[in-house]
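An overview of the molecular structure
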Amino acid sequence: MSDLKPIKSALVSVYYKDNLEPIIQKLHQLGVKLYSTGGTLAFIEKMGIPVTAVDSVTNYPEIFGGRVKTLHPAIFGGILNRRDNESDRKEKTQHQIADLDLVIVDLYPFEETVASTSNESEIIEKIDIGGISLIRAAAKNYNDVVIVSSRNDYGLLNNLLESKKGNTDLSDRKLLAAKAFATTSHYDTAIFNYFNKSVELLQFKQSIQQAQVLRYGENPHQKGIFYGDLEAMFTKLNGKELSYNNLLDVDAAVNLIADFEEPTFAILKHNNACGVASRSTIHQAYVDALAADPVSAFGGILIGNRTIDLNTATEINKLFCEVVIAPAYNENALAILKSKPNRIILIQNKVALSDTTFRTLLNGVIEQDKDFKTEVAGDLKSVTTTSPTEAEIKDLIFANKLVKHTKSNTIVFAKNGQLLASGTGQTSRVDALRQAVTKAQSFGFSLKGAVMASDAFFPFADCVELANQAGITAVIQPGGSIKDKDSIEYCNAHGMSMVFTGTRHFKH
């Protein structure tokens, strides 16, 4: 027996009317009987196409300001009755219920309303009841009914109407049912998360409708998918598609650059900054950022917080890099950067980002607030006899921003608004320090008069001792070790200044 079924009747009731007209025209051409409500009814009538008002079927008017329109057995019976079930057919005849073979219904814009207003009564009114019930009913009975729950699927429906002359097969209906349940589950998740901001039930729910299949995951043998709207986040001007690893680095770059207001350029590799500098011009910021580690910069992710000009682009073009990110590009600069066809060039758009982060862990998910704490001069507590100079305070704050965005355990050396070296992702803090010293020396940087930042406290005085021997004169760290006194006494004995922030910045 064929599972091909004709569409003879349709219920159409939508909030968004754009691109609806061609669908209505096609259904009319195919002789489909149309039912509708409210604004959609008026829309179809204005087209001059015959349509039956739902309240003439239910013999009950819309009530409570439109809150109740379609919640009636005559409508839901028309959707939910099983066409091949003898008992259902008898009841349908007994109650004079007409079949509804196609349901085109979308939902009130709840998320858009939450984003545009804090007026709770307006938000609550955008919680759809009838629409979501119709969608679920039609999707449940996909064996007999076609459900279109989003204007994004009008193209798919139109193709089906054209290619199959108003018929659908089971695979068509099941696909649209799956899309419908994706719509309703996403909608319910948005409503739950809105309410949960005030009541804070300990339940984890996230739903993202957009997805992009990546070439592969972290390695070629792993599958990778990005869930989210990259087109909202970035305007892509050139290059291949972003990879899984590119995205990890881009995320780290975006988070890091957000902590800087002055012209700043950063170069990242494997989620860590290998070069950062703040200068009066974005060109000099790039030149000095690159100087910190030109070896690691090869194949890296570049990000600046000012328009990329010709001079900066000329320098960037000398380096092989995967991605360049900036708020804008001069036309002549863009022409130079586009000379490498695979180089990914992005404009970062202003998009609201989540206040939390989460990741899968063991047999569940772990979630936390983002680390938005960025220390300023008033947060620094001098704990040594010698206090840092004004210039050192500026560098300490600069360096402390970098440790916040570097894998733990980490030590950062900086001077004059430039990253000199960092020790990243080490299992001991003193190893991170030694790594940073070696790296600075390998690129010819003198650490005399530089500052040191640590993402967590020093368990022993060995870190400040090694730093002093390398030339470091000022230190910033959270404090909180039971042996803080040992580090303070060493600094006092050797004329070093040290400040505590009281805030740890682990990053794992």
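Look up: the structure comes first, before these words.
Structural notes, computed from the coordinates. Here the structure is a predicted model, which means the values were calculated and not measured. Residue numbers restart at each chain and count upward from 1, following the sequence in its written direction. In keeping with the model being predicted, local features are shown solely for residues with a pLDDT of at least 70 and side-chain atom pairs are shown and tallied solely at 80 or more, while totals for entire chains, interfaces and linings include all residues. In computing side-chain values, all of the structure's heavy atoms are included and hydrogens and water are not.

A separate point is the sheet that holds strand β3 (residues 33-36). Within a sheet, neighbouring strands are paired by backbone hydrogen bonds and run either parallel or antiparallel to one another. Each pair of strands is called paired provided DSSP finds at least two bridges between the two strands. Think of it this way: any DSSP run of H or I at least four residues long counts as a helix, any run of E at least two long counts as a strand, and we number them from the N terminus. As summarised here, the arrangement of the five strands in space is β4-β3-β2-β5-β6, forming an open sheet in which the pairing is parallel. Of all the strands in the sheet, the pair left with one neighbour each is β4 (52-53) and β6 (146-148). Inspection of the sheet shows strand β5 (residues 102-105) paired to β6 by three bridges, in the parallel sense. Paired with V103 across the strands is I147, a residue of β6. We call two residues in contact whenever any of their non-hydrogen atoms come within 4.5 Å of each other. Between the N-to-C directions of two axes lies an angle of 0 to 180 degrees, each axis being a line fitted to C-alpha atoms and, for a helix, fitted only over the stretch in contact. Along the sheet, helix α1 (residues 21-29) contacts β2 (9-13), β3 and β5; its crossing angle with β5, the most-contacted strand, is approximately 165°.

Attention now goes to helix α5 (residues 86-94). Here a polar contact means two N or O atoms within 3.5 Å. Within protein one must be a hydrogen donor candidate and the other an acceptor candidate, and residues neighboring in sequence count only if both atoms are side-chain atoms. Capping of α5 at its N-terminal end is provided by N85; its side-chain oxygen lies 3.0 Å from the backbone amide nitrogen of S87. With its phi angle positive at about 55°, Q96 sits one or two positions after the end of α5.

To continue, consider the environment of E241. Looking at where E241 falls in the secondary structure, it is placed in the loop between β10 (234-238) and α12 (244-257). Along the primary structure E241 and F457 are separated by 216 residues, whereas in three dimensions their C-alpha atoms are 41 Å apart.

In this section: the state of the cysteines. Here is the idea: a disulfide is a covalent bond, and it sits between the sulfur atoms of two cysteines. Cysteine sulfur atoms that pair up within 2.5 Å are treated as a disulfide. According to the stated counting rule, one finds zero disulfides in the structure shown. No disulfide involves C463; its nearest neighbouring cysteine sulfur is the one of C491, lying 11 Å away. Here the term buried applies to any residue with accessible area under 20% of the maximum for its type, exposed to any over 50%, and partly exposed to those in between, with areas from a 1.4 Å probe on protein chains only. Given the relative accessible area of 1%, C463 is considered buried. Of the residues examined, C491 reaches a relative accessible area of 0% and is grouped as buried.

What makes a salt bridge here is a side-chain nitrogen of Lys or Arg within 4 Å of a carboxyl oxygen of Asp or Glu, nothing more. Scanning the model with the defined rule gives 22 salt bridges in all. Of the charged contacts in the structure, one is a salt bridge between D18 and R151, with a shortest N-O distance of 2.9 Å. Here the residue D18 occupies a position in the loop between β2 and α1, and R151 occupies one in the loop between β6 and α9 (154-163), the gap between them amounting to 133 residues. Using a relative accessible area of 33% as the deciding quantity, one classes R151 as partly exposed. Across the pair D259 and K404 runs a salt bridge, and its minimum N-O distance is 3.0 Å. Taken together, the residues D259 in the loop between α12 and β11 (264-269) and K404 in helix α16 (residues 390-404) connect sequence positions 145 residues apart. Across this residue pair, the class does not change: D259 and K404 are buried.

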